[in-house]
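What follows is the residue order along each chain.
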Amino acid sequence: MPFYNTDKIDVLFDEETLSQRIRQLGEQITADYSADEPLVMVGVLKGSFLFLADLCRAVDLPVEIDFLGLSSYGDSEQSSGVVRVTQDLSRSIEGKHVIVVEDIVDTGLTMAYLLENLATRNPASVKIASLLHKPARTKVDIPIDYLGFEIPDRFVIGYGLDSQNKLRNLPFIGVNVGDGLPI
Ligand code: 5GP
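The shown structure was predicted, so the numbers you read here are calculated from the model rather than taken from an experiment. (Residues numbered from 1 in each chain as written. Predicted model: local features only at pLDDT ≥ 70, side-chain atom pairs only at ≥ 80, totals over all residues. Heavy atoms only, no water.)

(A) How the structure looks around the sheet that holds strand 7 (residues 146–150). The strand order across the open sheet built from 6 strands is 4-3-2-5-6-7, with neighbouring strands paired in mixed fashion. With one partner strand each, in any of the chains shown, strand 4 (84–87) and strand 7 form the two edges of the open sheet. Within the sheet, the average angular offset between the axes of one strand and its neighbour, ignoring direction, is 30°. Here strand 5 (residues 97–105) runs beside strand 6 (residues 125–133); their pairing, made up of 8 bridges, is parallel. From the neighbouring strand, valine 105 faces strand 6, where its bridge partner is histidine 133. Of the strands in this sheet, strand 5, strand 6 and strand 7 are in contact with helix 1 (residues 15–32), which crosses strand 7 at around 155°. (Pairing = 2+ DSSP bridges. Helix = DSSP H or I, 4+ residues; strand = E, 2+ residues; numbered from the N terminus. Axes fitted to C-alpha atoms, helices over the stretch in contact; angles between N-to-C directions. Contact = heavy atoms within 4.5 Å.)

The structure is reproduced here in structure tokens:
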């Protein structure tokens, strides 16, 4: 028996669906960049950690991996529009090609802030990979270069995405259809 209540979670994307799509995104990235130029994949903590882990293994290029800690939500499910850097990159990105790896672009406020922030550091280029996008909630249009899936306006959990800091370790992406945490 898993630790979560399977009756209270609707699965949107199961493990096989996620892994197939991520393999395709990895092939696109491999085709778009050159092994001769520096490429760094920047995971936005914490939600992107599983997506980044799978995506970077689907990329057949010598990539550098780094992380940026950003927080926009606190414990609430509503975007506050206020973005806080909780952990900065460990190395310079000057002159390097950057792919920002996000779990989900919702209002776009977090990514808009991040793009502005990264541009001041003189990277060679910046592109965005996001596993999910909720177009219905857009406040700032963000060009997503490598998108996994568009989803309806539902609060999703699993595969890195949390509810009250839990459920990031679900191997699939789903929607909580019960009251409270489905644990
Ligand atoms: P944005 O600034 O685009 O509104 O929100 C970006 C961040 O909000 C995401 O990186 C993610 O951490 C959080 N977020 C947005 N929608 C969801 C959702 O449906 N589920 C979860 N768990 N987090 C979300």
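(B) Structural detail: helix 3 (residues 109–119). Considered for burial, the residues of helix 3 that qualify are Thr110, Met111, Leu114 and Leu118. Across the axial projection of helix 3, the buried residues extend over an arc of 90°, all falling on one side. (Buried < 20%, exposed > 50% of the residue type's maximum accessible area, 1.4 Å probe, protein only. Arc of directions from axis to C-beta.)

(C) Quick look at the packing of aromatic side chains. On inspection of all chains with the given rule, the structure shows 3 aromatic pairs. An angle of 90° between the planes, with centres 5.2 Å apart, marks the rings of phenylalanine 3 and tyrosine 4 as edge-to-face. Classification of tyrosine 4 as buried rests on a relative accessible area of 16%. Centre to centre, the rings of tyrosine 4 and phenylalanine 172 are 5.6 Å apart; their planes meet at 75°, and the pair counts as edge-to-face. (Phe/Tyr/Trp six-rings, centres within 6.5 Å; stacked < 30°, edge-to-face > 60°.)

(D) Structural detail: the site of the ligand. Asp103, Thr107, Thr110, Val156 and Asp162 are the nearest of the 17 residues found near the ligand. Measuring from an oxygen atom of the ligand, one finds a side-chain N or O atom of lysine 134 at 2.9 Å. Here aspartate 162 contributes a backbone N or O atom positioned 2.7 Å from a nitrogen atom of the ligand. Here the ligand, which alone exposes 510 Å², has 92% of that area covered by the protein. Of all the secondary-structure elements, those providing two or more residues to the shell around the ligand are strand 5 and helix 3. (Near = heavy atom within 4 Å. Polar contact = N/O pair within 3.5 Å; in protein donor to acceptor, adjacent residues only side chain to side chain. Areas by Shrake-Rupley, 256 points an atom, 1.4 Å probe, with all protein chains shown as cover.)

(E) Here's a closer look at the nonpolar core. Counting residues in hydrophobic clusters, the biggest one holds 27 residues, and the most contacted among them are Phe51, Leu55, Leu131, Leu132 and Ile173. Taken together, the elements giving at least two residues each to this core come down to helix 1, strand 2 (39–45), helix 2 (49–57), strand 5, strand 6, strand 7 and strand 9 (173–176). For this core, the leading source of residues is helix 1, giving 4 residues. With 16 residues, the next largest nonpolar core counts Val44, Val100, Val105 and Met111 among its residues. (Core = buried A, V, L, I, M, F, W, Y, C linked by side-chain atoms within 4.5 Å.)

(F) Spotlight on the side chain of arginine 168. Turning to its location among the elements, arginine 168 is positioned in the loop between strand 8 (156–157) and strand 9. In this structure arginine 168 touches Lys46, Gly47, Phe49, Leu50, Gly158, Tyr159, Gly160, Leu161 and Asp162, once residues within four positions along its chain are discounted.

(G) Just the sheet that holds strand 1 (residues 9–13), in detail. Within the open sheet, the 3 strands sit side by side as 1-9-8. Their pairing is antiparallel. The strands lining the two open edges of the sheet, one partner per strand, are strand 1 and strand 8. Pairing of strand 1 with strand 9, which is carried by 4 bridges, proceeds in the antiparallel orientation. Its bridge partner being in strand 9, phenylalanine 13 is matched across the sheet by isoleucine 173.

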